[in-house]
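Summary of structural features
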Amino acid sequence: MSFRGLVFFLTVVWVPLMAQVPAPKIAVGPERISMHDNLTVTVTVYGPDYALDDFPELAGFERGKRTVSHGETRVDGRKTEVHTITKYYTPIEGGEFIIPSFEIEINDIMVRSEPTRITVEDDEEGYAGLMIDIDDADFVVECSKKEIFVGEGVKIRLSFYSSAKNTVNWQFPRDIGDQVEALARKIKPENSLESRNIISSIRQREEYIKEEKYFVYDLFEAVYYPLNNHNMTIPALTLQMNKDGNRSAPLKSRPQLIRVKELPAHPLRDKVPVGIFRLRDNMQGNENKQTGESFTFGITVEGQGNMDVLNFGKIENDKNLDFFESGSRLQQEGGKLAGIKIFNYKILPKTAGEYDLGNYFSLIYFNIKTARYDTLTAREKIRVTGNTIVSKNNLVRDIYTGIDNLRTDRNEFNVRSFLRFFANFVLIFMIMTLIYIWKKK
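Summarised in this report is the structure supplied together with it. No experiment lies behind these values; they were computed from the predicted model shown.

On the surface, a nonpolar cluster with roughly 490 Å² of combined accessible area is contributed by Phe421, Phe422, Phe425 and Phe429. When you line up the elements, Phe429 lands in helix 3 (residues 415-440).

Further remarks concern the pattern of salt bridges. Following the criterion strictly, the structure yields 23 salt bridges and no others. Residues Glu147 and Lys261 are paired through a salt bridge, measuring 3.3 Å at the closest nitrogen-oxygen approach. A residue pair is termed long-range when its members are at least 10 positions apart, and Glu147 in strand 11 (residues 147-149) and Lys261 in strand 20 (residues 256-261) qualify at 114 residues. Relative accessible area serves as the criterion here: at 38%, Glu147 is assigned to the partly exposed category. Judged by its relative accessible area of 23%, Lys261 is partly exposed. Measuring nitrogen to oxygen at the nearest pair gives 3.7 Å for the salt bridge that ties Lys155 to Glu221. Placement of Lys155 in strand 12 (residues 154-163) and of Glu221 in strand 16 (residues 212-226) is noted, with a sequence separation of 66 residues between them. Salt bridges sharing common partners tie together Glu142, Lys155, Arg157, Arg205, Glu207, Asp218, Glu221 and Lys336.

If you trace the 6 strands from one edge of the open sheet to the other, you get 24-25-23-21-27-28, paired in mixed fashion. In this open sheet, the two edge strands, each paired with only one partner strand, are strand 24 (321-331) and strand 28 (372-377). Ignoring strand direction, the axes of neighbouring strands in this sheet form an average angle of 25°. Note: strand 27 (residues 362-367) against strand 28, 6 bridges, orientation antiparallel. Bridged to Ile364 within strand 28 is Thr375.

Criteria and cut-off values
- Residues numbered from 1 in each chain as written.
- Predicted model: local features only at pLDDT ≥ 70, side-chain atom pairs only at ≥ 80, totals over all residues.
- Heavy atoms only, no water.
- Patch = residues over 30% accessible without salt bridge, like charges linked within 9 Å, V, L, I, M, F, W, Y side chains within 5 Å.
- Areas by Shrake-Rupley, 256 points an atom, 1.4 Å probe, with all protein chains shown as cover.
- Salt bridge = Lys/Arg side-chain N within 4 Å of Asp/Glu carboxyl O.
- Helix = DSSP H or I, 4+ residues; strand = E, 2+ residues; numbered from the N terminus.
- Buried < 20%, exposed > 50% of the residue type's maximum accessible area, 1.4 Å probe, protein only.
- Pairing = 2+ DSSP bridges.
- Axes fitted to C-alpha atoms, helices over the stretch in contact; angles between N-to-C directions.

Without other data, these values stay purely geometric and don't point to any function.
In structure tokens, the structure reads:
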């Protein structure tokens, strides 16, 4: 093979085969958080290696920790490594923020983010009772609310407070970790779900109470969702600290009571999510669709509450539309009330007409702000044209055709993988042959 032929082969065959890995992505969110939550910038990189520049500064936010996770996904039937790098940002103040588009260099390529509007709510997740009297050094149990509904989340935090005027040398003992775990078992309410914020290191923050400055060290934080209307009772707790050297000094917290109210009567009272939620939907292309050609449809639910229980259930097919759920993704840190959940679907139109997707996608929940049941519905509408699909024989084939009959209990021969392997083999053989001929000359 001539050199020109080799270049042609590399351009036409080899390069497309190597270009199967998705491009890196940047995601900023969630779009609505509280002062006690984090904004995240997440970079997703596919392939065996990754390298990226530093994350940007964002006006109105303070840069925090950075985490990395690794996993595998399938791209065109092949396993591909995926790396997720997340940078956390803490809001400095409440309000509306426009995060402008920014670039991060990822694997020597500049990747640009989309502009994002972020809402930071001042008081949704604040802690109640901070105006109580606190000693120069105190062990405090804080609750985000004193009264909640069944299913509503309440944040509970254990903290050590030390006045800036305090001259006593306070130190955490070596068994502080064991103490915190024992205290966590004592405060956990019965018949409740727990979402805990894992605190790996004790950090200092500042807070003003009655115009006096305190240094605060958070030891434990979790959100609890009660499953019944039994009140939550937190007894007085004792924290052993070291004072002026190794002298042990106990600090005792004040007991707390959180009243839990039953939800109003409703046929779905024991099943609906409880909180404050908002819904956004989007779909592939415009409203004009063709019968037999599927399109993607996404729903994003964001807000405050137990996002894990949010579910639209199975969307039933009818004579007009077929629905295929293609997965959901949850974004809610442990110990946080705010979160986001994304649902993805494929929709296949079968009959011409105009359809409101809100008739198919709706979510009943209990709104803790209004103390009433409410319903979130999709807003997108579609206009379908084309011949009615009456059988699978005249269905325009796409990736979801025949999904109901798909067998997963036997191995199938993957032609694409075989061709990719064969192309790699041929290329290596050609390169070795060229090297051999060159040496002979």
